There are 6 protein chains.
Amino acid sequence: MKKLLVISAHSADFVWRAGGVLAKSVEEGAETLVVCLSYGERGESGELWKEDPNRSEESVKIIRKAQAEKAADFLGTPIEFLDWGDYPMLISDERIAQLVKIIGNFEPSVILTHTAKDPFNPDHPLAFQATERARLLSCGAGVASAFKNINPPAWYSFEPHQPEICEFKPDTFIDVSSVFEKKKEAMNCMGAQKYLVDYYTELGSRRGNHARRISGQKQVQYAEAFQSMVPRITDSIF
Amino acid sequence: MKKLLVISAHSADFVWRAGGVLAKSVEEGAETLVVCLSYGERGESGELWKEDPNRSEESVKIIRKAQAEKAADFLGTPIEFLDWGDYPMLISDERIAQLVKIIGNFEPSVILTHTAKDPFNPDHPLAFQATERARLLSCGAGVASAFKNINPPAWYSFEPHQPEICEFKPDTFIDVSSVFEKKKEAMNCMGAQKYLVDYYTELGSRRGNHARRISGQKQVQYAEAFQSMVPRITDSIF
Amino acid sequence: MKKLLVISAHSADFVWRAGGVLAKSVEEGAETLVVCLSYGERGESGELWKEDPNRSEESVKIIRKAQAEKAADFLGTPIEFLDWGDYPMLISDERIAQLVKIIGNFEPSVILTHTAKDPFNPDHPLAFQATERARLLSCGAGVASAFKNINPPAWYSFEPHQPEICEFKPDTFIDVSSVFEKKKEAMNCMGAQKYLVDYYTELGSRRGNHARRISGQKQVQYAEAFQSMVPRITDSIF
Amino acid sequence: MKKLLVISAHSADFVWRAGGVLAKSVEEGAETLVVCLSYGERGESGELWKEDPNRSEESVKIIRKAQAEKAADFLGTPIEFLDWGDYPMLISDERIAQLVKIIGNFEPSVILTHTAKDPFNPDHPLAFQATERARLLSCGAGVASAFKNINPPAWYSFEPHQPEICEFKPDTFIDVSSVFEKKKEAMNCMGAQKYLVDYYTELGSRRGNHARRISGQKQVQYAEAFQSMVPRITDSIF
Amino acid sequence: MKKLLVISAHSADFVWRAGGVLAKSVEEGAETLVVCLSYGERGESGELWKEDPNRSEESVKIIRKAQAEKAADFLGTPIEFLDWGDYPMLISDERIAQLVKIIGNFEPSVILTHTAKDPFNPDHPLAFQATERARLLSCGAGVASAFKNINPPAWYSFEPHQPEICEFKPDTFIDVSSVFEKKKEAMNCMGAQKYLVDYYTELGSRRGNHARRISGQKQVQYAEAFQSMVPRITDSIF
Amino acid sequence: MKKLLVISAHSADFVWRAGGVLAKSVEEGAETLVVCLSYGERGESGELWKEDPNRSEESVKIIRKAQAEKAADFLGTPIEFLDWGDYPMLISDERIAQLVKIIGNFEPSVILTHTAKDPFNPDHPLAFQATERARLLSCGAGVASAFKNINPPAWYSFEPHQPEICEFKPDTFIDVSSVFEKKKEAMNCMGAQKYLVDYYTELGSRRGNHARRISGQKQVQYAEAFQSMVPRITDSIF
């Protein structure tokens with residue numbers, strides 16, 4: 001059963017960093033879900049604050065939610081928002097329990113989220129920590145227990161803005177050539193400056209170049225890069 | 001095209017460390033090849049030297065070759081021997097060129113060999129270095145060149161005797177349950193003390209336990225563990 | 001003065017991971033103490049929940065406590081339980097203070113606990129963090145202070161279930177051959193499936209094999225592996 | 001605009017670990033500020049507790065404050081005290097907000113603080129974490145936002161007591177020869193045993209030796225060592 | 001005295017990876033020198049072999065030399081070629097001695113070369129090793145010796161094609177905005193496919209984006225990234 | 001059987017870096033041997049070349065040999081010289097075989113040598129590599145073999161000049177207080193500038209301070225620091 005859960009600190013992260021693999025998974029018949037821990041209303045909504053510095057935070061949230069939902073539609077995925085705030089995002093035992101419940105209900109086979117380290121963002125590592133803890137609490141110890149537990153999902157970090165400084169070392173490149181137009185459409189929903197769309201289009205193309213160089217697979221035009229957090233279990237070396 | 005090349009420092013390493021994945025690959029229709037850089041005649045033939053300390057090195061080679069060929073037969077794989085010597089194994093530019101030629105001719109899609117580091121064995125890291133260099137010289141820079149070049153094969157280290165001390169961190173577990181009896185038969189060809197067969201049977205079982213715990217895939221009884229040296233290029237996150 | 005403190009996240013961990021060194025230390029006249037932060041009642045009591053999924057958590061705690069006490073008896077060590085809960089274990093300033101008090105009273109010369117990282121268990125790294133912090137608060141800065149402070153104990157991690165994935169790199173192997181029968185008896189108290197006793201018996205035997213290979217000390221039949229967290233101070237290189 | 005902020009866990013750390021670079025920065029016309037998160041009254045005031053174990057913590061704070069202010073005067077820098085306590089220092093969301101405000105008001109171009117890891121001190125890593133988080137919350141994401149944000153300051157760790165064990169790897173040596181006498185005067189204010197002044201004088205001399213050996217710059221007599229936490233942006237390779 | 005030495009495995013590497021900093025250094029009055037260990041005639045001359053697979057290696061060398069000299073002219077730097085061959089490049093004691101002599105004569109204050117690790121290229125790590133050894137043999141131990149020795153130059157790795165996989169972690173970004181047009185002209189000399197010029201133009205722009213995000217220095221349009229191999233000695237923290 | 005072998009790249013290294021532990025081992029009745037791979041005649045004999053730049057290399061060797069023998073006498077240890085040259089030291093298969101023979105004859109229980117990495121010295125890492133390889137070739141694979149093999153000795157790196165930059169992380173501190181006067185006498189034989197004796201005396205004192213802080217063992221006045229390369233096998237955790 002293919003079920004992909006993407007946990008995004010702010011309401012735009014999933015589009016830039018995992019939009020391709022979301023659309024690709026939908027294309028191959030998987031069930032997907034995006035969970036945005038926050039709207040990124042305070043720190044990640046540059047264009048909206050530039051337009052009107054006096055805007056209320058609530059109004060920014062509404063706009064960000066609408067943009068993210070539209071982007072999710074283009075990618076073909078359901079989306080949920082937890083409204084945990086940003087700059088600062090605060091994590092509590094109750095919020096971890098909330099995430100445990102979502103994971104337990106969805107029973108993902110794969111989870112994607114941020115990197116453990118990000119010296120450019122205070123919220124991304126918190127999203128990582130919340131995911132790490134909630135995933136473990138959902139799975140239990142692999143034995144019968146006092147609570148429902150699910151099969152341990154595979155778990156990857158998606159690509160941060162400055163990969164080397166975040167100690168991101170990609171070990172998995174997904175060919176997203178066939179869905180890259182959808183990713184572009186989704187990115188264009190985000191109300192960000194055009195340069196960001198260019199930036200991530202170019203990143204997709206560069207990761208495609210890397211994937212071709214690594215493997216000789218000439219058909220890869222666009223790729224997204226991921227780093228696995230747990231080993232892969234498979235029945236073939238190929 | 002599935003083509004698996006296993007590069008083994010001594011004539012027994014491929015059996016203990018990759019016998020399962022060799023048999024599994026044969027089972028799924030892949031073409032396989034084992035290359036033994038040496039017979040391990042001086043340092044790795046304990047039982048033979050114990051039986052008769054006055055035996056000649058040549059006679060040890062002959063016995064080791066026969067054992068390895070018999071094991072390869074049980075696994076269903078062709079095998080070649082380069083006779084580079086052991087304790088010490090010596091690497092030269094000519095020997096690298098010899099290995100380049102073998103890789104160029106076989107055009108593997110996957111290569112398995114030792115770890116880069118092994119504080120218990122002087123030859124294993126040399127096998128790693130020779131493989132690393134020969135693989136790169138076979139592939140070229142991904143552009144047209146003065147010599148034939150092949151698609152870059154995937155490349156993994158197989159499990160060393162003391163994994164943590166060798167800085168082996170497995171990221172890929174292959175379910176070899178369906179072929180483990182074949183691996184046992186192959187191990188029994190090696191003329192080693194019974195405890196070594198028990199040791200690696202138990203290792204397979206333990207890695208199976210780990211694989212189940214990591215993934216919840218309850219069908220895995222025996223597994224072999226590998227560490228990838230280059231990223232994986234694929235078109236699905238599942 | 002030889003005083004060994006073992007801090008165990010759940011009530012069974014100390015048996016599997018440090019039972020040998022506990023019995024060995026008792027044998028050499030050391031004072032020992034085991035502190036279980038939780039009974040592991042919710043997530044680590046597979047057999048009990050399998051027998052009766054409707055059992056109360058309190059009844060599980062009572063059984064787990066009795067099993068652990070019996071195992072501690074076989075090993076010859078006192079044991080205490082803090083009942084901090086599991087899945088999730090929650091740490092607070094008060095709980096740290098409780099642990100500081102225990103360490104300050106016992107004045108251990110060696111502390112053993114879990115690894116800093118464990119991608120398979122949410123409570124083990126918490127036990128590590130609590131131990132790290134409580135140990136430092138007990139010792140102070142090596143100068144006179146507003147509170148009683150003790151000599152800094154040596155400090156080791158014991159072996160986790162999947163050592164490489166937990167970044168466990170053993171640097172100290174203790175020969176526990178002379179007490180391994182006691183460890184087996186202790187393990188047999190835990191009410192777990194037989195395969196776990198087999199698993200850890202085999203681990204002891206494998207670590208014994210590793211210890212022999214590392215040192216040539218042929219008398220080591222069973223060993224336990226540890227990783228030191230602080231340097232060792234000694235007056236001989238031998 | 002040259003503005004240096006030094007965040008010190010206890011009221012003496014800034015003198016031993018960054019006294020030279022503070023004086024040097026003042027000498028080159030920079031604006032500087034020292035923030036002491038605590039007085040180190042409980043755990044870091046050895047001489048005062050030795051003199052009189054019955055002294056009150058409040059009286060220790062008063063003495064420590066006076067000593068630190070006198071040292072700061074010698075170095076030529078303003079100083080502030082947050083009184084967060086020590087052994088244990090406790091961090092809260094409010095305290096982080098307090099630090100964010102200080103950073104936002106001062107707008108440093110460089111921040112110095114402790115290392116991320118210190119197996120000899122429970123408060124130093126907390127100072128690191130508080131600084132890391134407050135710095136990020138002050139800077140925002142580099143776009144317009146709901147709050148004032150400042151340019152991201154450069155950020156370094158200063159040298160801990162046992163550098164290798166704290167995983168401190170210096171990448172920047174500052175020549176403080178011209179101000180080392182001032183650092184000595186500042187150190188002599190701290191009321192510590194004479195050996196500590198000797199220790200840090202010798203450390204300055206040793207780091208000067210290292211700096212000369214690294215670069216051939218023979219004029220360096222005394223240096224302080226730092227490790228950068230973010231890359232350096234410059235317009236010359238020299 | 002500003003003197004920059006760039007050691008390039010093949011005759012094009014210096015253009016893609018350090019063209020900006022070369023032109024920038026010339027602009028600020030530094031003396032520069034490029035040393036190409038090989039022409040990259042066999043493995044790195046894709047377009048030439050594509051045009052005519054029957055071309056001689058000698059003719060490829062002549063064309064590559066002319067292209068590199070023209071690019072060096074645009075950047076304003078002298079260039080030398082050692083003709084050590086590629087695929088495979090072979091290093092010998094004599095070749096090290098040749099490089100020692102070049103370094104001793106030029107007396108660089110900064111050396112740039114490849115990374116220590118490159119799983120995509122067999123020659124780049126050799127260039128690193130040769131540079132590492134020749135640099136140390138040129139500098140001696142910082143004391144009087146049997147041979148002329150020079151001040152130890154600063155030493156950086158420039159950016160490889162797949163930075164994360166090569167374990168490249170940039171710690172120094174040089175703003176090359178003012179000379180980027182010159183770099184483009186130099187890149188256009190290399191006879192490579194247009195996409196490579198686009199690739200490295202985009203890389204310069206992306207590294208400029210990173211530099212702005214790290215520092216808030218909005219004027220940086222294009223940057224090149226480097227990783228220092230030895231600490232920096234300076235007399236100011238700013 | 002306590003047998004200590006110290007492998008020193010140049011004829012002075014063993015005094016500065018392991019003089020204390022040599023004298024301490026002699027004091028506890030161990031058999032010791034120092035092997036100097038080179039006299040350090042070209043690059044490490046600063047004072048001699050300063051006195052007379054026209055001196056012959058042979059005359060420098062003679063003086064260096066006499067100094068080292070005198071120092072060894074003070075420490076109470078035999079010493080041998082292999083005369084492999086320095087700046088550059090060159091390693092060959094024959095030289096490795098020479099070292100294998102020495103190790104095989106002496107049958108050390110502990111080997112001390114340089115660190116694997118030293119960005120300030122071209123010969124130290126070669127000494128490490130030669131030792132690593134020769135030690136493994138001496139020990140074999142722990143089974144009967146075509147050659148005599150010895151029990152694997154414990155193996156440590158001693159402290160380099162700039163420990164952090166050489167990635168030296170000490171895990172073992174030896175209390176050498178009782179023999180430090182002998183080490184001083186030995187250091188005074190080396191004909192080096194007085195500051196070097198001061199430097200290493202101070203290092204001994206500083207490492208003593210560290211050892212006291214780590215363990216609370218107040219009697220340690222002077223210590224030497226080492227990093228173990230293989231795990232320690234013991235029968236007690238204390």
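See the structure printed just above.
If you're wondering where the values come from, they're calculated on a predicted model, not measured in any experiment.

Draft legend 1. Broad picture of the relation of the copies chain B and chain A. For the pair chain B and chain A, the best superposition has an RMSD of 0.0 Å and corresponds to a rotation of 180° with a translation of 0.0 Å parallel to the axis. The symmetry that links the two subunits is that of a two-fold axis. Residue aspartate 171 of chain B of chain B places its C-alpha closer to the rotation axis than any other residue of that unit, at 4.9 Å. A high fraction, 100%, of the interface residues of chain B reappear at the interface in chain A, so the copies pair face to face through one surface.

Draft legend 2. Quick peek at the environment of leucine 82 of chain B. Residues and elements named next belong to chain B. Relative to the helices and strands, leucine 82 resides in the loop between β3 (79-81) and α4 (93-106). Owing to a relative accessible area of 12%, leucine 82 belongs among the buried residues under this scheme. It is 10.0 Å that separates the C-alpha atoms of leucine 82 and histidine 10, two residues lying 72 residues apart in sequence. Every residue in contact with leucine 82, bar those within four places of it in the chain, is listed here: Val35, Cys36, Leu37, Gln98, Leu99 and Ile102.

Draft legend 3. Spatial organisation of the relation of the copies chain C and chain D. With an RMSD of 0.0 Å, chain C superimposes on chain D once it is rotated by 120° and translated 0.0 Å along the axis. Taken together, the rotation and translation describe the operation of a three-fold axis. No C-alpha of chain C lies nearer the rotation axis than that of serine 92 of chain C, which sits 7.2 Å from it.

Draft legend 4. Up close: the arrangement of the chains. As for chain D relative to chain B, no contact occurs, and the smallest C-alpha gap between them is 19 Å. Over all C-alpha pairs, chain A and chain F never come within contact, reaching a minimum spacing of 19 Å.

Draft legend 5. Local environment of the sheet that holds strand β5 (residues 154-158) of chain E. Read from one edge to the other, the open sheet built from 8 strands follows the order β8(D)-β6(E)-β7(E)-β5(E)-β4(E)-β1(E)-β2(E)-β3(E), with strand pairing classed as mixed. Of all the strands in the sheet, the pair left with one neighbour each is β8 (232-234) of chain D together with β3 (79-81) of chain E. Across this sheet, the average inter-strand angle for adjacent strands is 25°, counted without regard to direction. Across 6 bridges, the pairing between strand β1 (residues 3-8) of chain E and strand β2 (residues 31-36) of chain E is parallel.

Draft legend 6. Molecular detail of the interface of chain C and chain D. Taken residue by residue, the interface counts 14 residues in chain C and 19 residues in chain D. Summing the contributions of chain C and of chain D, the shared interface buries around 1300 Å²; its carbon and sulfur component is 70%. Sorting the residues of chain C by area buried against chain D places Arg133, Leu136 and Ala146 of chain C first, and these three jointly supply 35% of that buried surface. If you look at where chain C meets chain D, you find 0 salt bridges. Summed over the shared surface of chain C and chain D, the result is 2 residue pairs in polar contact (both at pLDDT 80 or more). Among the elements that line the side of chain C that touches chain D, the one with the most residues is helix α5 (residues 124-139) of chain C, at 4 residues.

Draft legend 7. Here's a closer look at the pairing of β1 of chain E. Residues and elements named next belong to chain E. Judged by how many residues are buried, β1 sits mostly within the fold: 6 of 6 residues are covered. Residues Lys3, Leu5 and Ile7 of β1 are buried on one face, and the alternating residues Leu4, Val6 and Ser8, pointing to the opposite face, are buried as well. Sheet topology places β1 next to strand β4 (residues 110-113); 3 bridges connect them, and they run parallel. In the sheet register, leucine 4 faces β4, and the bridge partner there is valine 110.

Quick notes on the rules
- Residues numbered from 1 in each chain as written.
- Chains lettered and ligands numbered in written order.
- Predicted model: local features only at pLDDT ≥ 70, side-chain atom pairs only at ≥ 80, totals over all residues.
- Heavy atoms only, no water.
- Least-squares fit on C-alpha atoms with pLDDT ≥ 70 in both.
- Contact = heavy atoms within 4.5 Å.
- Helix = DSSP H or I, 4+ residues; strand = E, 2+ residues; numbered from the N terminus.
- Buried < 20%, exposed > 50% of the residue type's maximum accessible area, 1.4 Å probe, protein only.
- Pairing = 2+ DSSP bridges.
- Axes fitted to C-alpha atoms, helices over the stretch in contact; angles between N-to-C directions.
- Buried area = accessible area lost by both parts, 1.4 Å probe.
- Salt bridge = Lys/Arg side-chain N within 4 Å of Asp/Glu carboxyl O.
- Polar contact = N/O pair within 3.5 Å; in protein donor to acceptor, adjacent residues only side chain to side chain.

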